[in-house]
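Structural features, examined
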There are 2 protein chains.
Amino acid sequence: MSPKHYPNLCPIESFLGHIMGPWTPYILWLLSNEESLRFGQIAALIPDISAKVLTDRLRKLEASGLVNRDYQPTVPPTVYYSLTERGAELHGVLQGLNKVAIRWDEEDRQKEGDAEIAAE
Amino acid sequence: MSPKHYPNLCPIESFLGHIMGPWTPYILWLLSNEESLRFGQIAALIPDISAKVLTDRLRKLEASGLVNRDYQPTVPPTVYYSLTERGAELHGVLQGLNKVAIRWDEEDRQKEGDAEIAAE
DNA sequence: GCAAGTAGTTACCTTATGGTAAGTATTGAG
DNA sequence: CTCAATACTTACCATAAGGTAACTACTTGC
């Protein structure tokens, strides 16, 4: 997934490069439902993520221009993350993905249900 | 990206799990523009991909139910790949991504152009 | 008997990624 | 003088992913 090997043949692909990777879409989803979230709040909402990976994801999203980082030098410091305008634009696209993903999930569950009934 | 660590909190994320990874969106894009393509044809359209990775991607797409594999035991054998119905449904979603990706690209190029002019 | 042509497979190596655990900075409270 | 709280860093390790190159199978044509 290094930039070197990641081909630019396809705009979709370079685009997905910014939002894919474990946890990233979920982070965007959480941020799209709140004005802003602090580092610790995001960490609490994603129990299995480590501070290292969460930091990495937020830095990459910031570098991609999708997320704002607002550092307040209080003691202890607080850092607020929020979506940029571009990040907010993603919401529509993500909802499209969500719709398809959920529909397919339901179809699959339906089929599993049918299979179980047939097996009885 | 192992299934163990890849969280299921987010439908979008499990959905993206099927289509992300280097080359995968581009393969889907190519297939969505043709009735079917042989292995060698896809390889020729993506010069930098290795046979190993292409095989891997096609197998995973097949396992996800997005791509059909049609093996013809001719000599030498020919294998036709095409989108399944579900794979074809992706086309709309991919176009949505494509639209945003291209728009942002253009906006960025515009900004770069402005910066160059300002620097003169 | 040997090369050609298709669609892979296999072995091996290198790099990238993610996980865990511990450490850092700051300062007010006890 | 030490702890607590927040938001990270850093060091180290294990696994996964990708790259390259060589090899396979099968039959036709020379």
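Below is a short write-up of the structure. Because the structure is predicted, anything quoted here is derived from the model rather than measured.

**Examining the relation of the copies chain A and chain B**
Expressed as a screw transformation, the operator carrying chain A onto chain B has a rotation angle of 180° and an axial translation of 0.0 Å, and the superposed copies differ by an RMSD of 0.1 Å. The transformation just described matches what one would write down for a two-fold rotation axis. When C-alpha positions in chain A are compared against the rotation axis, the closest is assigned to Met20(A), at 3.5 Å. When the interface residues of chain A are mapped onto chain B, 100% of them again lie at the interface, so the same face is used by both copies.

**Remarks on the interface of chain A and chain B**
Each side of the interface is counted separately: chain A has 37 residues, and chain B has 37 residues. For chain A, the biggest contributors to the area lost against chain B are Ile12(A), Arg86(A) and Trp104(A); these three give 21% of the whole. Across the chain A-chain B interface, the total number found is 6 salt bridges. A salt bridge links Arg86(A) to Asp108(B); its shortest N-O distance comes to 3.0 Å. The interface formed by chain A and chain B holds 12 residue pairs in polar contact (both at pLDDT 80 or more) in total.

**Re the protein's contact with DNA strand C**
The full set close to DNA strand C counts 19 residues, and Lys52(A), Val53(A), Arg57(A), Arg69(B) and Tyr81(B) are the nearest of them. The share of sugar and phosphate among atoms of DNA strand C within 4 Å of the protein is 70%. Between DNA strand C and the protein, one listed contact pairs a phosphate oxygen with a backbone N or O atom of Gly40(B) at 3.0 Å. One of the backbone nitrogen or oxygen atoms of Val79(B) is found 3.1 Å away from a phosphate oxygen of DNA strand C. Mapped onto the surface near DNA strand C, the elements with two or more residues apiece are helix H4 (51–63) of chain A together with helix H3 (39–45), helix H4 (51–63) and strand S3 (78–83) of chain B. Each residue belonging to the surface near DNA strand C can be placed in one class, and the counts come to 9 nonpolar, 4 polar and 6 charged.

**Quick look at the sheet that holds strand S1 (residues 37–38) of chain A**
What links the strands of a sheet is backbone hydrogen bonding, and the strands pair in either a parallel or an antiparallel sense. All names here are of chain A. Ordered by their spatial adjacency, 3 strands build an open sheet running S1-S3-S2, and the pairing between neighbours is antiparallel. Each of the sheet's edge strands pairs with one partner strand only, and the pair in question is S1 and strand S2 (67–72). In the sheet, S1 pairs with strand S3 (residues 78–83) via 2 bridges, with the strands oriented antiparallel. By the bridge assignment, Arg38 is partnered in S3 with Tyr80. Against the sheet, helix H2 (residues 24–32) contacts S1, S2 and S3, and its axis sits at roughly 90° relative to S3. On top of the sheet, H4 reaches S2 and S3; it is set at about 115° to S2, its chief contact.

**A closer look at H4(B)**
Residue and element names in this part refer to chain B. Taking 1.5 Å of rise per residue, 13 residues should cover 18 Å, and H4 covers 18 Å from first to last C-alpha, within 8% of that figure. Among all positions in H4, only Leu54, Arg57, Leu58 and Leu61 are buried. Taken down its axis, H4 places every buried residue within 95° of arc, on the same side. Those residues of H4 that are exposed and aimed more than 90 degrees away from the buried face are Lys52, Lys60 and Ala63. Where H4 is buried, its residues touch helix H1 (11–19), helix H2 (24–32), H3, strand S2 (67–72) and S3.

Reading guide: rules and limits
- Residues numbered from 1 in each chain as written.
- Chains lettered and ligands numbered in written order.
- Predicted model: local features only at pLDDT ≥ 70, side-chain atom pairs only at ≥ 80, totals over all residues.
- Heavy atoms only, no water.
- Least-squares fit on C-alpha atoms with pLDDT ≥ 70 in both.
- Contact = heavy atoms within 4.5 Å.
- Buried area = accessible area lost by both parts, 1.4 Å probe.
- Salt bridge = Lys/Arg side-chain N within 4 Å of Asp/Glu carboxyl O.
- Polar contact = N/O pair within 3.5 Å; in protein donor to acceptor, adjacent residues only side chain to side chain.
- Near = heavy atom within 4 Å.
- Helix = DSSP H or I, 4+ residues; strand = E, 2+ residues; numbered from the N terminus.
- Nonpolar A, V, L, I, M, F, W, Y, C, P; charged D, E, K, R; others polar.
- Pairing = 2+ DSSP bridges.
- Axes fitted to C-alpha atoms, helices over the stretch in contact; angles between N-to-C directions.
- Expected span 1.5 Å × (residues − 1).
- Buried < 20%, exposed > 50% of the residue type's maximum accessible area, 1.4 Å probe, protein only.
- Arc of directions from axis to C-beta.

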